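# Coordinate analysis (summary)
The lines below spell out each chain.
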Amino acid sequence: MFNTIGVIGLGVMGSNIALNMAGKGEQVAVYNYTRDLTDNLVNKNEGQSIHPYYEIQDFVYSLETPRKIFLMVTAGKPVDSVIDTLLPFLEAGDVIMDGGNSHYKDTERRYDELKSKGIGYLGIGISGGEVGALKGPSIMPGGDKDVYEKASPILTKIAAQVDGDPCCVYMGPKGSGHFVKMVHNGIEYADMQLIAETYTFLRKKLCLSVNEIADIFEIWNQGELKSYLLQITAEILRKKDEITGLPLVDVILDKTGQKGTGKWTSIQAIDHGIPASIITESLFARYISSLKEERVYAENILTGPEIGQRSLDKDLWIEYIRQAFYMGKICAYTQGFIQYKMTSELYGWELPLKDIALIFRGGCIIRAEFLNVISETYQEQPNLANLLIAPYFAEKVKEYQTGLRKVVCEGINSGTSFPCLSASLTYYDSYRTGISNANLLQAQRDYFGAHTYERNDLAGFFHTNWQ
């Protein structure tokens, strides 16, 4: 009997994807460059329909045709290396799927190269971490539609399920699947930073304990702010360090890592003139966190504002920061979906915005209650320019802007940095400004560079001899 699918790359994510597939009734061939990970998976999971192979040729020939091979290897050169190893044994019509965090431009290059050889290639965005990989992730496939249809029975089966629907929808051609995942990660960066800033306000400005903040997050998670990230943050805050007995968060060094997808999101937005300031500020916040030694030194030299200690009405300001967090979240997701829309129009992808919001409801890291509203909004207005002007969100930001303004001003006045909350307010105020100061910028550009300008009363482009 032939195996129905093969998985290459048996780290945590790859192993869990293989187990997920096997648990859904697939016969899964597995292969890893080093034998130890293959043995570990098989030894720990006897009885599953997982079949190990130690030679790439045996692995490939064990698969039913057209062969379907799922890669879960490190993005970059390792993906190209695995593909090169596979090619001598593949036939026209076979399908390779890359489930790693590859850059969408790399995916498009590989797509073109393999299509010329008759091999189907899908860039598969996967979100959900190791638990999602095992129990059901959010899946964002991109490539040729007919190639996707060969793999869709398996992909939809292993995806998270919400209200009976799989969190797996065809995104579009070529690199669109990995692009959707890339921007998803950018939104994730912003969401995490917004939660961190909210935590900072509650702890530093309202002097609440870690357990009190966990209680607040748990209460918020029962309402409109319900999300996976808020849920796990409450759990994180309750965790005690086994060595010191302190909250574990207090003994973790304040230096944040990143693997590149947030950076790619910002770079792509900058390259194409897409306003993604909140996502970019969350990236910069990680960069400055890495300067730990410098920050500790600077703390003893640089001073903040000299203001007297004042007491804040706890209940009132808890509501203000709740409003600020929710409005920041709305603005961050808005920027992410604008990036989807503008890039889709640029490449002619026709990304299904309403479906993207739906598949983010289950399995993925940024799953949140208000994704239902985002999906409904795009269902009703597929060509909507900006989520902020949709009736639901317009009413929310009208109501919640007071909280965001008060929190940002309190941070400025007290010398506490809230980069993403501040960027959210700036974005909102900039977007609602019908007449901006860009006319002066254009005049400056024309003065020193003869770049010309447009007028608001006449058509065409103009240049003035300013001197």
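No experiment lies behind these values; they were computed from the predicted model shown.

Looking now at the sheet that holds strand β3 (residues 50-52). As summarised here, the arrangement of the 7 strands in space is β3-β2-β1-β4-β5-β6-β7, forming an open sheet in which the pairing is mixed. Here the strands that pair on one side only, and so sit at the sheet edges, are β3 and β7 (138-142). Within the sheet, the average angular offset between the axes of one strand and its neighbour, ignoring direction, is 25 degrees. The pairing of strand β1 (residues 5-8) with strand β2 (residues 28-31) spans 4 bridges and is parallel. Among the inter-strand pairings, Val 7 is bridged to a residue of β2, identified as Val 30. Where helix α5 (residues 104-115) meets the sheet, it contacts β5 (95-98) and β6 (120-127), and its direction lies at approximately 155 degrees from that of β6.

Turning to the nonpolar core, a few remarks are in order. Ranked by internal contacts, the top residues of the largest apolar core, which has 84 residues, are Leu 202, Phe 217, Trp 220, Tyr 340, Phe 360 and Ile 374. Built from parts of two domains, this core gets at least three residues from each of domain 1 (5-174) and domain 2 (181-431). When neighbours within four sequence positions are excluded, Leu 202 is seen to be in contact with Cys 207, Leu 208, Ile 213, Ile 216, Phe 217, Trp 220, Ile 318 and Ile 321. Among the nonpolar cores identified, the runner-up in size contains 30 residues, and Leu 10, Met 72, Val 95 and Cys 168 belong to it.

Attention now moves to the pairing of β7. With respect to burial, β7 is a largely interior element, 5 of its 5 residues being buried. Across the two faces of β7 the burial is the same, with Ser 138, Met 140 and Gly 142 and Ile 139 and Pro 141 all buried. Strand direction decides the pairing type here: β6 and β7, joined by 5 bridges, are antiparallel. Opposite Ser 127, over in β7, you have Ser 138 as the bridge partner.

Right, let's talk about the pattern of salt bridges for a bit. Using the criterion set out here, one finds 28 salt bridges in the structure. The shortest N-O distance in the salt bridge between Lys 396 and Glu 224 comes to 2.8 Å. With Lys 396 in helix α17 (residues 391-414) and Glu 224 in the loop between α9 (210-220) and α10 (228-238), this pair connects stretches of sequence that are 172 residues apart. Among the residues examined, Lys 396 registers a relative accessible area of 14% and is labelled buried. Residue Glu 224 is classed as partly exposed on the basis of its relative accessible area, which comes to 22%. As a salt-bridge pair, Lys 292 and Asp 254 come within 2.7 Å of each other at their nearest N and O atoms. On the criterion of sequence distance, the pair formed by Lys 292 in helix α13 (residues 292-299) and Asp 254 in the loop between α10 and α11 (261-271) is long-range, its members being 38 residues apart. Judged by relative accessible area, which is 35%, Asp 254 ranks as partly exposed. Put simply, Asp 80, Asp 98, Asp 106, Arg 109, Arg 110 and Glu 113 are held in one network by salt bridges that share partners.

Now for α17. Along its 24 residues, α17 runs 35 Å from first to last C-alpha, staying within 8% of the 34 Å computed at 1.5 Å per residue. A maximum bend of about 45 degrees is found in α17 at Tyr 400. The complete set of buried residues in α17 reads Phe 393, Lys 396, Val 397, Tyr 400, Gln 401, Gly 403, Leu 404, Val 407, Val 408, Glu 410, Gly 411 and Ser 414. Check the buried side of α17 and you find it contacts α8 (176-205), α14 (314-347), α16 (371-380) and α18 (419-431). Positive phi shows up at Gly 415, right after α17, with a value of about 80 degrees.

Here we come to the UniProt feature "binding site: substrate" (unreviewed entry) in the protein chain. Mapped onto this numbering, the UniProt entry annotates "binding site: substrate" (unreviewed entry) at Asn 101, Ser 127, Gly 128, Gly 129, His 184, Asn 185, Tyr 189, Lys 259, Arg 286, Arg 445 and His 451. The named residues occupy 351 residues along the chain; their greatest pairwise C-alpha distance, 48.4 Å, places them well apart from one another. Topologically, Ser 127 is positioned in strand β6. A residue is classified by how much of its surface remains accessible, and Ser 127, at 2% relative accessible area, is buried. Among residues more than four places away in sequence, those in contact with Ser 127 are Pro 137, Ser 138, Met 140, Lys 181, His 184, Gly 363, Cys 364 and Ile 365. Locating His 451 in the fold gives a position in the loop between α19 (438-449) and β10 (453-454). When near neighbours in sequence (up to four residues on either side) are disregarded, His 451 contacts Arg 445 and Asp 446.

As a further point, take the pairing of strand β4 (residues 68-71). Put simply, side chains in a regular strand alternate between the two faces of the sheet. Both faces of β4 are covered, namely the face carrying Lys 68 and Phe 70 and the face carrying Ile 69 and Leu 71. Inspection of the sheet shows β1 paired to β4 by 3 bridges, in the parallel sense. Looking across to β4, one finds that Gly 6 is bridged to Ile 69. The sheet contact formed by β4 and β5 spans 4 bridges and is parallel. Directly across from Phe 70, in β5, lies its bridge partner Met 97. This β-α-β element, β4 to helix α4 (residues 77-86) to β5, shows right-handed connectivity.

With that settled, consider the domain arrangement of the protein chain. Its domain assignment divides the protein chain into domain 1 (5-174) and domain 2 (181-431). Each of domain 1 and domain 2 has a C-alpha centre, and these two points are 32 Å apart. Between domain 1 and domain 2, the residue contacts involve 28 residues of the former and 23 residues of the latter. Here domain 1 packs against domain 2, burying approximately 1,800 Å² in sum over the two surfaces, 66% of which is carbon and sulfur.

What counts as what
Residues numbered from 1 in each chain as written. Predicted model: local features only at pLDDT ≥ 70, side-chain atom pairs only at ≥ 80, totals over all residues. Heavy atoms only, no water. Pairing = 2+ DSSP bridges. Helix = DSSP H or I, 4+ residues; strand = E, 2+ residues; numbered from the N terminus. Axes fitted to C-alpha atoms, helices over the stretch in contact; angles between N-to-C directions. Contact = heavy atoms within 4.5 Å. Core = buried A, V, L, I, M, F, W, Y, C linked by side-chain atoms within 4.5 Å. Buried < 20%, exposed > 50% of the residue type's maximum accessible area, 1.4 Å probe, protein only. Domains from an automatic or database assignment. Salt bridge = Lys/Arg side-chain N within 4 Å of Asp/Glu carboxyl O. Expected span 1.5 Å × (residues − 1). Bend = angle between axes of the 7 residues up to and from the residue. UniProt positions renumbered as here; feature names shortened; annotations may be inferred. Right-handed = clockwise from strand over helix to strand, strands pointing away. Buried area = accessible area lost by both parts, 1.4 Å probe.

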